[in-house]
Amino acid sequence: MDLHARDVRRDVRELAGLLGEALERHASEEAFETVEALRTDAIDYRRGDADSRDPLRDCVERLPPDQAVHVARAFALYFELINLAEERQRVRAIREGREGGTLSNDVAAAAERFAAEDVDSETVQTVLDDVFVEPTFTAHPTEARRKTVKSKLRSIAELLEELDEHRLTDREQERLERSLDAEIVGLWTTRQVRERRPEVADEARNVQWYLENVLFDVIGEVYDELERAFADFDADVSRLVEFRSWAGSDRDGNPHVTPDVTAETLENQRGIACQRYTEALERLIGVLSQDGERVPTTAAFEESLDADRERLPRVAEEAKERYPDEPYRQKLAVMVHRVDRVGSVRPGGYDDADELLDDLETVADSLRASGMEDVADTEVDPLRRQVETFGFALASLDLRDHRENHTKAVTEALEREGIDYAGMDENERQELLTEAMLDDERLLSFDGSLSETAERVLTLFERLGEWQREYGADAIDTYCISMTEQPSHVLEVLFLADQAGVVDLPGHSGLDVAPLLETESALSNARTILGTLFENEAYAASLEARGGTQEVMLGYSDSNKENGFLAANWELNRAQTDLAAICADYDVDMRLFHGRGGSISRGGGPMNEALLALPPETVSGEVKFTEQGESIAEKYANPAVAERELEQMLNAQIRARHATVADERDAPDEAWVDAMDTAASAAREAYRDLLDAEGFVRYFEETTPITVIEELNLGSRPASRSGERTVEDLRAIPWVFSWTQTRCILPGWYGLASGIDAYLESAANEDEALATLQEMYEEWPFFRTTLDNAALALARTDLEIAEEYAALAGRERRERFFPDIRSEYERAVELVTAIAGRDDLLSRTWLRESLDRRNPYVDPLNLLQAHLLGQTHRNETEKRALRLTVTGIAAGMKNTG
């Protein structure tokens, strides 16, 4: 049976044709012809039909400013449409794979693997009980598109789906094609670049859209697949997935995230969850119309309904009058009113989501007792899974701030009490904070005038108790501390929570405090930091009150920016193993929080592969990781893709946890560890030599659009921490974004070749050393994933284009840096392909096809951007064209950073 009426080539061809028509009608015929000339010149060069890019370069340099804007817009929108076509192709592959039983790495594949290995049901249940996956959405400024543009693109995607998956009459086909044409015209005539910087509330609403409109509906399908897959093991599929968010609560470097914004976010999210539950319950009222005389209900159901009549007598009486002899409808009608009163001053509302869950389980159990299992499975269970997953919070919020702000707040607040915290050493600070937390008397007063930073911190903690009482402790219960370096940085947060009443030791702690370890010094000092905390009386009491699980966050972005790709990956891998050992020594459960970015150079890459590559000692079953920028849209905008992503994550985590439980994975060979130690050390040295070289920061400014990116209204957070122009001060996102724009994905591979060569040169026999690396690639998931991720960054790099940008630097700086960059790149390509044993950097055919499809169309945007960057003075039209090239290249590369 043919599931689809189209393919990716047809989608690309027709979408590009409609865009060309919109360009010709709503810009000019000249603009259309210019775009066509650039397109064909770029394709000719890529195909080898032209000897050079001179015709393309000449055309770009002759463009008048208004034509440059049209060209930039046309190519930018082309990529947005191509991204939709490729998303549709992925949906086709998923649907066909499910239909044909060929889909790999889904939850069914995990169950089949267990069956093939004769894993017993008890072990399977243990694994499922352990697994808990928490994707955490951030508001980091890595999304270049306006919300309006994204909305129009979603409309186009829905039309493509209808054209592809529905059997249509000629008239229906014509109607949809006209609608598609109209949407693309609307897209062309819509401003692409934001005129204002988005507010924090905008970012929170963006995250909420995916939760409300996609994931809320998808989660029931995921659990249905899980239950089907593990039915033969008679397994109880407990709660395996929960979503969290930083949008509206991440204060690190963002002064716009105020307590009022966080309160608004909590309120909006509860409102969304309750609205979706109300809609679902009202739909169930229409479905569960069983006659009470024909279909008896259980005693538990009748008791629950009687309790409703006591709780809300008037509501229950109205329901009985409206639905006589239809007990399920009566029960559901009362449940609608109880959801509607959540958070209201009106009595009778649900106190927490567990109460709603109890009611749903009572309804489902009663249906099953009457032989209506199918009704319970298909109608009630999806809603039950939604309530389990989203609660009334929709997504629990994590708080985050920089450790310097907490220290400043504690210092000023204690100074007001006559205590010189600033003059204390680390041990004295720990002792003071510990004694204060164990004392019944409150030490701090939250009233009085302090600096703006201290006021913001203290106000936050004062409001935190209010939020937990209003929205539930689980709605906002984790605090991440950026740049943690000392135990006192963690104790300061716990102390402030204690003073605000969120923590009351020894019996109660309403907060998980998660140190974020991201610098080399913090990672190497992890045993001292965590060991000191675990031995601290106050912190140990708090940890026990929280169930004995310590969350530790690892910062991939800043670690990579500080140390380079290979060294950062190895340092983080070693750190995870060390953290697991530390927690094991103190009999503390560990939950790792992986602070991954969307790009390879910020810890990105396929999530299922990353989970399978984690050190086995760290796979406790619980795992948490950030999702941000275009990664959110790419993974969670389409329901079929979102379901597939979640299944792949669960497949990986289930398999990884089983391997740990069954003790199937061995520690890496000592020779492999030595090889990585040697390579990582040399790679870091090569990377730091580049960054620390005199003139490199100037070269970076001259040869990338960093200044343009800083001016773009991408997010509410500033691009740098202090406004200074240093690599250290620059945030990891614009650092990677800038290199990505130039097609020189330097943060994803620089230092790799130097590191591997250092290992090869240190060996007695270079051929044997190469064989060792090949063995590591075949048998060590960490090394294979690291090398494959580097291969992706290398494949996306185009040094011919990068050289166009290098030409913008002064001659001395260009000759100082670009030859080294080129040499490192070319050697890295040689080594990666040799170690992986393949001719091409990419092992995935579809990815090679995608790059080949995109490259000729990104080239004109790169040349136009380089040309505009090279101008010392730009008028407003040229500035607009330059900003459009940034969004266009981001869409073409499918990545900002």
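Each remark here, short or long, concerns the structure printed above.
Conventions and cut-offs
Residues numbered from 1 in each chain as written. Predicted model: local features only at pLDDT ≥ 70, side-chain atom pairs only at ≥ 80, totals over all residues. Heavy atoms only, no water. Buried < 20%, exposed > 50% of the residue type's maximum accessible area, 1.4 Å probe, protein only. Helix = DSSP H or I, 4+ residues; strand = E, 2+ residues; numbered from the N terminus. Pairing = 2+ DSSP bridges. Expected span 1.5 Å × (residues − 1). Contact = heavy atoms within 4.5 Å. Polar contact = N/O pair within 3.5 Å; in protein donor to acceptor, adjacent residues only side chain to side chain. Salt bridge = Lys/Arg side-chain N within 4 Å of Asp/Glu carboxyl O. Phe/Tyr/Trp six-rings, centres within 6.5 Å; stacked < 30°, edge-to-face > 60°.

A. Fine view of the pairing of strand β10 (residues 622-627). Counted residue by residue, β10 has five buried out of six residues, so it is predominantly covered. Across three bridges, the pairing between strand β9 (residues 589-595) and β10 is parallel. Counterpart to L592 in the pairing with β10 is V623.

B. Broad picture of the sheet that holds strand β8 (residues 549-555). Around the barrel, which closes on itself, the eight strands sit in the order β1-β2-β3-β4-β7-β8-β9-β10 with parallel pairing between neighbours. Judged from the two bridges that link them, strand β7 (residues 512-517) and β8 form a sheet pairing that is parallel. Each residue of the ladder has a partner; that of L516, found in β8, is M553.

C. Just the environment of V261, in detail. Structurally, the position occupied by V261 is in helix α10 (residues 259-287). Looking at V261, the relative accessible area reads 15%, which means it is buried. With 396 residues separating them along the chain, V261 and R657 place their C-alpha atoms 38 Å apart.

D. Just helix α17 (residues 426-438), in detail. Taking 1.5 Å of rise per residue, the 13 residues of α17 would be expected to cover 18 Å, and the 19 Å separating its terminal C-alpha atoms lies within 8% of that figure. Taken together, the buried positions of α17 are R429, Q430, L432, L433, T434, A436 and M437. Residues of α17 that are buried sit in contact with α16 (403-416), α19 (487-499), α21 (526-535) and α22 (537-545). Its side-chain oxygen 3.2 Å from the backbone nitrogen of N427, D425 forms the N-cap of α17.

E. Looking closely at the pattern of salt bridges. The final tally for this structure, using the stated rule, is 83 salt bridges. Across the pair E800 and R53 runs a salt bridge whose closest N-O atoms are separated by 3.0 Å. Of the two residues, E800 sits in helix α35 (residues 799-806) while R53 sits in the loop between α2 (29-47) and α3 (54-61), which places them 747 residues apart along the sequence. Note on R53: relative accessible area 6%, which makes it buried. The salt bridge partner of R698 is E702, with a shortest N-O separation of 3.4 Å. Of this pair, R698 and E702 both sit in helix α29 (residues 696-703), separated by four residues, roughly a single helical turn. When its relative accessible area of 45% is taken as the criterion, R698 is described as partly exposed.

F. Representation of unusual backbone geometry in the model. The omega torsion of the bond from L505 to P506 falls at 10°, within 30 degrees of zero and hence cis. Assignment of secondary structure puts P506 in the loop between β5 (503-504) and β6 (508-509). In the Ramachandran plot, D234 falls in the positive-phi region, its phi being about 55° despite a non-glycine side chain. Here D234 lies in the loop between α9 (200-229) and β2 (244-245). For D234, a relative accessible area of 71% gives the class exposed. Of note, D587 is a non-glycine position whose phi angle comes to about 55°, a positive value.

G. Just the packing of aromatic side chains, in detail. The tally for this structure, following the rule as stated, stands at 29 aromatic pairs. A ring pair is formed by F230 and F233, whose centres lie 6.1 Å apart and whose planes are at 45°; its orientation type is tilted. Judged by its relative accessible area of 0%, F230 is buried. By relative accessible area, which is 9% here, F233 ends up buried. Consider the rings of F461 and Y479, whose centres lie 5.3 Å apart with planes at 10°: the pair is stacked. On the criterion of sequence distance, the pair formed by F461 in helix α18 (residues 452-471) and Y479 in strand β4 (residues 476-482) is long-range, its members being 18 residues apart.

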